[in-house]
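# Summary of the model geometry
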Amino acid sequence: MLDERTVTFINSLDPGNPPYLDELEKYALETYVPIIRKDMQSYMKFLMKAHRPKKILEVGTAIGFSALLMSEYAGNDAHITTIENYEKRIPLAKANFEKYGKSDKIELLEGDALEILPELDGVYDFIFMDAAKGQYINFLPDLFRLLAPGGILLSDNVLQDGEIIESKYAVNRRDRTIHTRMRDYLYELKHMKGLMTAILPVGDGCAVSYKEADFEEK
Ligand SMILES: C[S@@+](CC[C@H](N)C(=O)[O-])C[C@H]1O[C@@H](n2cnc3c(N)ncnc32)[C@H](O)[C@@H]1O
């Protein structure tokens, strides 16, 4: 991972977000709600502007910060579907979408993504994976199916703050399953037919995967 001073320097160059996003970020940090870090925000803004997705899928809403950020930078004609299963956060996310006038642009699906994803049949040109790290590998077949050819899958927290490089025996016993599953997920992303993936030291480590534009399901 990048050292703290480098990240601070990079973040200091960012021109910042609109005040309502700053307000929500402050609230999230004060109430220990995990949201994307500054450098990840910056990368996401870049992807929204450069890729201009119209249909976005997010797994892991929390209180709606990243969904609102994507909506802000993807533009007015983007629609976001976001999934959250934690009852305490769902009403807060909904209230935020309402408060910031985005209820018609962001739809919240309530429940476990493991059950919701297989039911979805839309095609998404951008998918943001930001839920329980141990489950990414289980979500992958559906994420790939739902991703449009030419679409981008962005997966957050994949380097586990650097712990991913350690041997599994050096990792806390209770984190070993997640560690193994995340390594399997990264291997799959890098070797799956039809996907081209770069792993970057942004945020907690992220993987950005492109589904080949001429990819056809057999
Ligand atoms: C890191 S937070 C998401 C932060 C959010 N993307 C942001 O940056 O503003 C991860 C969220 O995923 C939710 N989550 C974890 N596993 C899930 C699952 N299987 N289905 C739906 N939501 C899940 C958690 O409850 C948590 O609120």
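Anything mentioned here points back to the structure above.
Report follows, based on the coordinates.

## Digging into the environment of Gly194
Among the secondary structure elements, Gly194 is positioned in the loop between helix 8 (176-191) and strand 6 (195-200). Excluding residues within four positions of it along the chain, Gly194 makes contact with Phe144, Tyr210, Lys211, Glu212 and Phe215.

## Some details on helix 2 (residues 19-30)
Its twelve residues give helix 2 an end-to-end C-alpha distance of 16 Å, which sits within 8% of 16 Å, the value for a rise of 1.5 Å per residue. Listing the buried residues of helix 2 in full gives Tyr20, Leu21, Leu24, Glu25 and Ala28. The buried residues of helix 2 occupy one face: seen down the axis, they fall within an arc of 135°. Facing away from the buried surface of helix 2 by more than 90 degrees, the exposed residues are Pro19, Lys26, Leu29 and Glu30. Buried residues belonging to helix 2 abut helix 3 (38-51), helix 4 (65-74) and helix 5 (90-99). One or two residues past the end of helix 2 sits Tyr32, with phi positive at roughly 60°.

## Some remarks on the nonpolar core
The biggest cluster of nonpolar side chains holds 37 residues, and the ones touching the most others in it are Phe126 and Leu154. Elements with a minimum of two residues in this core: helix 2, helix 3, helix 4, helix 5, strand 3 (106-110), strand 4 (124-129), strand 5 (147-156) and strand 7 (206-211). Among all residues touching Leu154, those that are not within four sequence positions of it are Met40, Tyr43, Met44, Leu47, Phe126, Ile127, Phe128, Met129, Cys206, Ala207 and Val208.

## Examining the packing of helix 2 against helix 4
A pair of packed helices can be characterised by two numbers: the angle between their axes and the separation between those axes. At a minimum axis separation of 10 Å, helix 2 and helix 4 run at an interaxial angle of 165°. In terms of their interaxial angle, helix 2 and helix 4 are classed as roughly antiparallel. For the element pair helix 2 and helix 4, the recorded crossing hand is left-handed. Together, Tyr20, Leu21, Leu24 and Glu25 of helix 2 and Phe65, Leu68, Leu69, Glu72 and Tyr73 of helix 4 make up the contact between the two elements. Across the contact of helix 2 with helix 4, the residue classes break down as seven nonpolar, no polar and two charged.

## Examining the site of the ligand
As a matter of local geometry, the ligand sits amid 23 residues, with Ser66, Glu84, Arg89, Asp130 and Gln135 nearest to it. Between a nitrogen atom of the ligand and a side-chain N or O atom of Asp130, the distance comes to 2.8 Å. The protein chains hide 91% of the 610 Å² of surface that the ligand would expose on its own. Classifying every residue of the shell around the ligand gives twelve nonpolar, six polar and five charged.

What counts and how
- Residues numbered from 1 in each chain as written.
- Predicted model: local features only at pLDDT ≥ 70, side-chain atom pairs only at ≥ 80, totals over all residues.
- Heavy atoms only, no water.
- Helix = DSSP H or I, 4+ residues; strand = E, 2+ residues; numbered from the N terminus.
- Contact = heavy atoms within 4.5 Å.
- Expected span 1.5 Å × (residues − 1).
- Buried < 20%, exposed > 50% of the residue type's maximum accessible area, 1.4 Å probe, protein only.
- Arc of directions from axis to C-beta.
- Core = buried A, V, L, I, M, F, W, Y, C linked by side-chain atoms within 4.5 Å.
- Axes fitted to C-alpha atoms, helices over the stretch in contact; angles between N-to-C directions.
- Parallel < 35°, antiparallel > 145°, perpendicular 65-115°, else oblique.
- Left-handed = near helix turned anticlockwise from the far one by under 90°.
- Nonpolar A, V, L, I, M, F, W, Y, C, P; charged D, E, K, R; others polar.
- Near = heavy atom within 4 Å.
- Polar contact = N/O pair within 3.5 Å; in protein donor to acceptor, adjacent residues only side chain to side chain.
- Areas by Shrake-Rupley, 256 points an atom, 1.4 Å probe, with all protein chains shown as cover.

Such coordinate-based values are descriptive only and should not be taken to indicate function.
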